[in-house]
Amino acid sequence: MKKTIRLIWQLYPTYLLITLLALGAASWYASSFLSDYFLERTIAGLKTQGQIVMGRIETHLSPLNAGEIDRLCKEIGNSAQIRVTVILPNGRVVGDSDENPTAMDNHADRPEFLKAVSGQAGSALRYSRTLDKRMMYVALPLRSSERLEAVLRVSIPLTEVDEELSSIQERITFGGFLIALFAAVVCLYVSRRISRPIEEMRKGAEYFAKGDLKYRLSLTDTTETANLAEAMNLMAARLESRIEAEVNQRNQIEAVLSSMSEGVIALDMDERVLSFNQAAATMFAKLPAAAKNQSLHEIIRNRNLQRFVEKVQKSNIPVKEDIILNQNGERIININASFLRDAKEKRIGTLLVLNDVTQLRRLEKMRQDFVANVSHEIKTPLTAIKGFVETLQSCAKDNPKETARFLSIIDKNVNRLGAIVDDLLQLSRIEKEKEENLIQLTKTAVKKLITSSIKICKTETEAKQIEINFTCDDSLEAMIEPVLFEQSMVNLIDNAVKYSSEKGKIQINAVKTNSGVVCSIEDNGIGISKKHLPRLFERFYRVDKARSREQGGTGLGLAIVKHIVQAHGGHVTVDSTPGKGSTFTIHLPG
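Please read these numbers as outputs of a predicted model, since none were measured by experiment. (Residues numbered from 1 in each chain as written. Predicted model: local features only at pLDDT ≥ 70, side-chain atom pairs only at ≥ 80, totals over all residues. Heavy atoms only, no water.)

Caption draft 1: View of the sheet that holds strand β8 (residues 319–325). A sheet is described by the order of its strands in space; here 5 strands give the open sequence β7-β6-β10-β9-β8, paired in antiparallel fashion. The strands lining the two open edges of the sheet, one partner per strand, are β7 (273–276) and β8. Neighbour-to-neighbour, the strand axes of the sheet open up by a mean angle of 25°, direction not taken into account. Pairing of strand β6 (residues 263–268) with β7 involves 3 bridges; the strand directions are antiparallel. From the neighbouring strand, A266 faces β7, where its bridge partner is S275. Against the sheet, helix α8 (residues 303–314) contacts β6, β8, β9 (331–341) and β10 (347–356), and its axis sits at roughly 165° relative to β8. (Pairing = 2+ DSSP bridges. Helix = DSSP H or I, 4+ residues; strand = E, 2+ residues; numbered from the N terminus. Axes fitted to C-alpha atoms, helices over the stretch in contact; angles between N-to-C directions. Contact = heavy atoms within 4.5 Å.)

Given below as structure tokens:
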């Protein structure tokens, strides 16, 4: 990864460098300007002094008086603190304030001399080997009648000028250093002022990245950064609002899915689990949370389900089907499969909606069985009645004995039909009164009602010489409807008598428990196989249909008992062992 540099260390050196370059350029320009200024002032001063001296020198040029010229040069040089030199047009020095003219070199090649010979004032700045100093020279032409007689050269050492310039440059340097120091501080301040809002925005962006969208950036007094901060705050507010809306929507969807009794499983095109709700997890023995993104066939081992999913994946229309699950007992699951589509209506997976219809299918089976049983139970006596009536009409008119027998059979079947209708009407009445809360429960002595029920069944009991033992506390009371409770006890006692052998025994107990009142009827009859127990209280359900009809049962007695007990807020149970007998128990709330 490329190494990054903080913004302040990119801005600060740049600003400082620009400032130092500008300051250096200004210092150099100031020094150069002052140097030129002082040199120009020096040249102007030398010209003025030369023009003053020119009058005194010109009088000795024609005729040439070299000795006097040299004397004047030395006199003027001593008094004016300048060097005065007189040079003939051929370059020979005839007078000098500091040296012996005869010992001096020819000056015909000096630049200021050449300029003066051409008729103009000349100047030059150079090092003098004679005086071992840096000198400023100004040469002026001396003319007589438009003829060049000589060149007057005045000069001065630049030592004082250099010292003055050095002093000024030192002050400029010191001032520049102070300015540079101040500029460095100002640049640092400006750099921090520029980078600080950006740094604050970076910190704010980190807060946003961590999910703290309530954090707000402070607005600076700079328009650009203030606009950026405001835009980021607005972005955070909109993100917070959108995320909150998404979370609420997701929570609502999860709440809806969690509240559904139907299981929901979403699959992708590769049959991997995308999502599922709690109902689906319960249906399939608690799907683990890690089931997501796994293949459905890996986490649910059910061939019927696998076959159904494969069928859905190949189908172009929604599919609906019942499958059998053997987890937690045999259950029937109705599956509705539809397609998951994205915003572009492209299919991206499959949605399975699973509904446990075990109870519904069982009720449908019960309804079908009930209709078939009712039809059969009513059709059987009607068929017998119709047959015997036709026999009477055709051939039994002259045989009183046969006629009486046929009429007896017809009467028996009519009574059987009447019993079935009465029991159905009673069931309907009990259910209606329960729904409308019309059953009035009163505190009643239990022993008295059970004793009455035993007496009602006395004829059947004595016919089979069955011994009934009854145990109940005299003070035992329960909230019951006397007539209905007595009817339920009569049905159970009658049922025990029918399926008990000759000289059998029936034990009846009624006791008070922590949960309420429990009444049990135990016989030592033929017993009932366990496979019949779950459906024993269904209407018209018979364990042994032939035996039941021989004994005159309608197939509704136990169903009536169940509905009477439920109307009292209780429930009835049965425990039976084939060959040993059965125990029916009524549980009433306390």
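Caption draft 2: How the structure looks around the sheet that holds strand β5 (residues 147–157). Read across the open sheet, the 5 strands follow the order β2-β1-β5-β4-β3; overall the sheet is antiparallel. Looking along the sheet, the strands with just one partner apiece sit at the ends: β2 (93–96) and β3 (122–128). Recorded for the sheet is a direction-independent mean angle of 25° between the axes of neighbouring strands. Pairing analysis gives 3 bridges linking strand β1 (residues 83–87) to β2, with the strands arranged antiparallel. Within β2, the position partnered with V86 by the bridge is G95. Contacts from helix α2 (residues 66–80) reach β1 and β2, with the element oriented near 30° to β2.

Caption draft 3: Quick peek at the environment of P157. Looking at where P157 falls in the secondary structure, it is placed in strand β5. Judged by its relative accessible area of 28%, P157 is partly exposed. Along the sequence, P157 and K133 sit 24 residues apart, while their C-alpha atoms lie 6.5 Å from each other. Here P157 is in contact with K133, R134 and M135, once residues within four sequence places are set aside. (Buried < 20%, exposed > 50% of the residue type's maximum accessible area, 1.4 Å probe, protein only.)

Caption draft 4: α2, seen in detail. For α2, built from 15 residues, the straight-helix expectation of 21 Å at 1.5 Å per residue is met to within 8% by its first-to-last C-alpha distance of 21 Å. Along α2, the residues classified as buried are I69, D70, L72, C73, I76 and G77. The buried residues of α2 occupy an angular sector of 160° when the element is viewed end-on, so they sit on one face. Across from the buried face of α2, at angles greater than 90 degrees, the exposed residues are N78 and S79. Of the residues one or two after α2, Q81 is the one with positive phi, at around 55°. (Expected span 1.5 Å × (residues − 1). Arc of directions from axis to C-beta.)

Caption draft 5: Representation of a nonpolar patch on the surface. There is a patch of nonpolar side chains on the surface, built from W28, Y29, F33 and Y37 and spanning about 530 Å² of accessible area. Tracing the sequence through the fold places F33 in helix α1 (residues 7–58). Since its relative accessible area comes to 47%, F33 is described here as partly exposed. (Patch = residues over 30% accessible without salt bridge, like charges linked within 9 Å, V, L, I, M, F, W, Y side chains within 5 Å. Areas by Shrake-Rupley, 256 points an atom, 1.4 Å probe, with all protein chains shown as cover. Salt bridge = Lys/Arg side-chain N within 4 Å of Asp/Glu carboxyl O.)

Caption draft 6: Fine view of helix α4 (residues 159–209). The first and last C-alpha atoms of α4 sit 71 Å apart over 51 residues, in line with the 75 Å expected at 1.5 Å per residue. Of all bends in α4, the biggest is about 30°, found at S195, and the proline P197 comes one to four residues later. Directly after α4, the chain includes G211, whose backbone phi takes a positive value near 100°. (Bend = angle between axes of the 7 residues up to and from the residue.)

Caption draft 7: Up close: the nonpolar core. Among the nonpolar cores identified, the biggest contains 35 residues, and I450 and F485 are the most heavily contacted of them. Broken down by secondary-structure element, the contributors of at least two residues to this core are α11 (446–456), β13 (477–480), α13 (482–498), β14 (505–512), β15 (516–523), α15 (557–567), β16 (571–577) and β17 (581–589). Every residue in contact with F485, bar those within four places of it in the chain, is listed here: V446, L449, I450, I480, C519, I564, H568 and L588. Among the nonpolar cores identified, the runner-up in size contains 26 residues, and V53, L88, M136 and V161 belong to it. (Core = buried A, V, L, I, M, F, W, Y, C linked by side-chain atoms within 4.5 Å.)

Caption draft 8: Up close: unusual backbone geometry. Omega for the peptide link from S62 to P63 comes to -5°, which places this bond in the cis form. One non-glycine residue, E345, lies in positive phi territory at about 65°. When you line up the elements, E345 lands in the loop between β9 and β10. On the basis of relative accessibility, which here comes to 57%, the residue E345 falls in the exposed class.

Caption draft 9: Quick peek at the packing of aromatic side chains. Scanning all chains against the criterion turns up 4 aromatic pairs. Plain terms: the ring middles of Y29 and F33 are 6.3 Å apart, the flat faces sit at 20° to each other, and that makes the pair stacked. With Y29 and F33 both in helix α1, this residue pair falls 4 residues apart, about one helical turn. The class of Y29 is exposed, set by a relative accessible area of 55%. Ring plane angle 85° and centroid distance 6.2 Å describe the contact between F537 and F584, whose orientation is recorded as edge-to-face. Of this pair, F537 sits in the loop between β15 and α14 (545–550) while F584 sits in strand β17, and the two are 47 residues apart along the sequence. (Phe/Tyr/Trp six-rings, centres within 6.5 Å; stacked < 30°, edge-to-face > 60°.)

Caption draft 10: Region of the structure containing the state of the cysteines. Here the structure, examined in full by the defined rule, presents 0 disulfides. For the unlinked cysteine C519, the closest cysteine sulfur is that of C472, found at 7.0 Å. The buried category is assigned to C519, whose relative accessible area is 0%. (Disulfide = S-S within 2.5 Å.)

Caption draft 11: Representation of the pattern of salt bridges in the model. Evaluation of the coordinates by the stated rule reveals 19 salt bridges. When the shortest N-O distance is used, the salt bridge between E240 and K214 registers 2.7 Å. Taken together, the positions of E240 in helix α5 (residues 223–259) and K214 in the loop between α4 and α5 put the pair 26 residues apart, joining distant regions of the chain. In this structure, R272 and D270 form a salt bridge, with 3.5 Å as the shortest nitrogen-oxygen distance. Looking at R272, the relative accessible area reads 35%, which means it is partly exposed. Each of R56, E68, R71 and E75 takes part in a single network of salt bridges with overlapping partners.

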